[in-house]
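Chain by chain, the residues:
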Amino acid sequence: MGPRGNFLFDGTHLLYRCAWQVAGRTKAKEPMWGRECVIGFLLSLRSVIFHYGPSSVCVVWDGGRSARRCHLFDGYKAQRPDRSPENHRAKQEDVVTLTGLLRLLGCRVIALPGREGDDLIHLITLKLGGGTVVSDDHDFLQLVARGVSVYRPTTGKYILPGFFAQEFGLPPEQYLLAKALSGDSSDNVHGVPKVGYKTAVKILSQFPGVTTPEGLLAGLMTVVKPTKVQLSVIDSLELLRRNLELFDSTKEMFGDSEMKAVEHALRRGVTFDATILDELIRLELQRVVERFAEWSLPFRRLL
């Protein structure tokens, strides 16, 4: 298979989704880690691999917030609640447990200290010459403009470059500018006042091919009777520049040692290890153990 045969899973996003699903069943107010969360992660991972048959799988964990983004905007992700120390430790234990299991299953696992998963995945797609990112995080949609596919597991939608516009209202090349206009509440980054994503798409549809704040400003300056919203955009040039700098994953620079670590992880041979059954039994993951022979088949086919 070609580059799209390489599937890159946003491990942290998937793990949180599983933890909140467990919390929903138990009425908990914090994500719930532990055995059920680990099982949910493995079942979700296996479902995607079973249905799409990738040639290789790489799971990427977050290693911390981007220092560059925090320096650029001190409110970056500042609204996210700090979990209790016990909750944080429980999450890290699940990451360690899953990392061991994933490697035995024949998956590559990569994380870098102080690096966000979306930036690391972008770097990996450059190294691989493409790939399919598995995540519901909108941050990855910018990669579609660079020839990367995105599979969104909660909706079951496969986002390809040629079908991007019909799903999101504009060509993939304009997505980042639309996001700069509308902001991202999940990152605590505000956009232009009264401009949501749909309004951003409406504005950009008037200026095909425009992908920069300066280009958009030049276009708006030609409008004879600009609306209040258009005037607000004209007055927000510096905000747009900052937001684009925050959202654009190409702005994140990696050091030589980090690049070598990623290259080594991608070159490293991985294969399915049958001793994983012993580990699954030790962890008492019965839902997987009971049908292990059938359940493990998709992982055995990975290269």
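It should be noted that the structure appears before, not after, this text.
Read on for a plain summary of the structure. For clarity, every value in this text was computed on a predicted model and none was experimentally measured. Sequence order sets the numbering: in each chain, residues are counted from 1 along the sequence as written. In keeping with the predicted nature of the model, local features appear solely for residues at pLDDT of at least 70, side-chain atom pairs appear and are counted solely at 80 or more, and the whole-chain, interface and lining totals rest on all residues. Hydrogens and waters are ignored; side-chain quantities use all the structure's heavy atoms.

Moving on, we come to the overall build of the protein. Elements are defined by DSSP. Helices are runs of H or I of four residues or more, strands are runs of E of two residues or more, and each kind is numbered from the N terminus. Broken down by element type, the protein carries 16 helices and 8 strands. The C-alpha atoms of the protein give 21 Å as radius of gyration, which agrees with the globular expectation for 303 residues (19 Å, within 12%). Principal-axis analysis of the C-alpha atoms gives the protein an extent of 70 × 45 × 35 Å. Out of the 303 residues in the protein, the part that is buried amounts to 49%. The contact criterion used is simple: two residues touch if any of their non-hydrogen atoms lie within 4.5 Å. In the protein, the share of contacts with a sequence separation of at least 24, taken over all contacts with a separation of at least 6, comes to 71%. We get accessible surface area from the Shrake-Rupley algorithm with a probe of 1.4 Å; when it comes to residues, only the shown protein chains can shield them. Only carbon and sulfur atoms are counted for the fraction: they give 55% of the accessible area of the protein, which is about 14900 Å². Put simply, the protein has 39 plus and 34 minus side-chain charges, and the middle of one group is 4 Å from the middle of the other. Note that the radius of gyration is over C-alpha atoms, with the globule rule given as 2.2 Å times the number of residues to the power 0.38. Accessible area is worked out with a 1.4 Å probe on protein chains only. A residue is then buried under 20% of its type maximum, exposed over 50%, and partly exposed in between. Under this rule, positive means Lys or Arg and negative means Asp or Glu; His and the chain ends count for nothing. We put the charge of a Lys on NZ, of an Arg on CZ, of an Asp on CG and of a Glu on CD.

Moving on to the nonpolar core. Note that soluble globular proteins tend to have their nonpolar side chains buried in a common cluster. By size, the foremost hydrophobic cluster in this structure holds 49 residues, and its most contacted members are Leu120, Ile124, Phe164, Leu181, Leu216 and Val233. A total of 6 residues in this core trace back to one element, the largest contributor, which is helix α7 (residues 175-182). Those residues in contact with leucine 120 that sit more than four places away from it in its chain are Val60, Ile110, Ala111, Leu112, Phe254 and Val262. In terms of nonpolar packing, the next biggest core, distinct from the first, is built from 38 residues, Phe9, Val95, Cys107 and Tyr151 among them. By convention a nonpolar core is built from buried Ala, Val, Leu, Ile, Met, Phe, Trp, Tyr and Cys residues, the set being connected through side-chain atoms within 4.5 Å.

By volume, the largest pocket amounts to about 1200 Å³. The rule is simple: put a 1 Å grid over the protein atoms alone, call a set of points where a 1.4 Å probe fits but cannot get out a cavity, call an open set with protein on both sides within 12 Å along at least five of seven lines a pocket, and count a residue as lining if it has an atom within 4 Å of a point. Around the largest pocket, the lining comprises 39 residues; the ones closest to its centre are Thr12, Tyr16, Asp62, Lys77 and Arg80. Counting residues per element, the ones that place at least two in the lining of the largest pocket are α1 (11-26), α4 (85-104), α5 (117-128), α7 and β7 (183-184). Considered class by class, the residues forming the lining of the largest pocket number 10 nonpolar, 13 polar and 16 charged. Grid points are joined across faces, edges and corners, and a volume is the space filled by probe spheres set on the points. Basically, the charged four are Asp, Glu, Lys and Arg, the nonpolar ten are Ala, Val, Leu, Ile, Met, Phe, Trp, Tyr, Cys and Pro, and anything else, Gly included, counts as polar.

The full count for this structure, using the stated rule, is 2 cavities of 30 Å³ or more. Each pocket or cavity is described by its volume, and for the largest cavity that value is around 50 Å³. Every residue lining the largest cavity is listed: Arg69, Tyr76, Asp118, Asp139, Gln142, Lys179, Asp187, Leu246 and Phe247. For the lining of the largest cavity, the per-class residue count stands at 3 nonpolar, 1 polar and 5 charged. Estimates place the volume of the second largest cavity at around 30 Å³. Around the second largest cavity sit Pro213, Leu216, Leu217, Leu220, Val233, Ile234, Leu237 and Leu240, which together line it.

What follows deals with the sheet that holds strand β5 (residues 149-152). Spatial strand order, β3-β2-β1-β4-β5-β6: 6 strands in an open sheet with mixed pairing. Taken across any chain shown, the strands that pair with only one partner, and hence form the sheet edges, are β3 (108-110) and β6 (157-159). Sheet twist, expressed as the average angle between the axes of neighbouring strands with direction ignored, equals 25°. Bridging between strand β2 (residues 56-60) and β3 involves 3 bridges; their strand directions are parallel. Looking across to β3, one finds that valine 60 is bridged to isoleucine 110. Here, any two strands with at least 2 DSSP bridges between them count as paired. Axes here refer to lines fitted to C-alpha atoms; in helices the fit is confined to the stretch in contact. Angles between the N-to-C directions go from 0 to 180 degrees.

Where α7 contacts helix α8 (residues 197-204), the two axes come as close as 8 Å, and the packing angle between them is 130°. In terms of orientation, α7 lies oblique with respect to α8. Pair α7 / α8 crosses with right-handed handedness. Taking contact as the criterion, the partners of Tyr175, Leu177, Ala178, Leu181 and Ser182 in α7 are, on α8, Tyr197, Ala200 and Leu204. Its residues assigned to classes, the contact of α7 with α8 shows 7 nonpolar, 1 polar and no charged. Angles are sorted into four bins: roughly parallel if under 35 degrees, roughly antiparallel if over 145, roughly perpendicular if 65 to 115, and oblique for all others. Crossings are assigned a handedness: left-handed for a near helix turned anticlockwise from the far helix by less than a right angle, right-handed for a clockwise turn.

All right, on to the pattern of salt bridges then. Pairs can form between side chains of opposite charge once their charged atoms are near each other. Salt bridges are counted wherever a side-chain nitrogen of Lys or Arg sits within 4 Å of a carboxyl oxygen of Asp or Glu. By the definition in use, this model includes 20 salt bridges. A salt bridge links arginine 69 to glutamate 252; the nearest nitrogen and oxygen atoms lie 3.8 Å apart. Of this pair, arginine 69 sits in helix α3 (residues 67-72) while glutamate 252 sits in the loop between α11 (237-247) and α12 (256-267), and the two are 183 residues apart along the sequence. Residue arginine 69 is classed as buried on the basis of its relative accessible area, which comes to 2%. On the accessibility criterion, glutamate 252 (7% relative accessible area) is buried.

We now examine the packing of α7 against α11. Following both chains from N to C, one finds α7 and α11 inclined at 120°, their axes separated by 8 Å at the closest point. As far as their axial angle goes, α11 and α7 are oblique. Handedness of the crossing formed by α7 with α11: right-handed. Two secondary-structure elements touch here, α7 through Leu176, Leu177, Lys179, Ala180 and Leu181 and α11 through Leu240, Asn243, Leu244 and Phe247. Of the residues assigned to the contact of α7 with α11, the class counts are 7 nonpolar, 1 polar and 1 charged.

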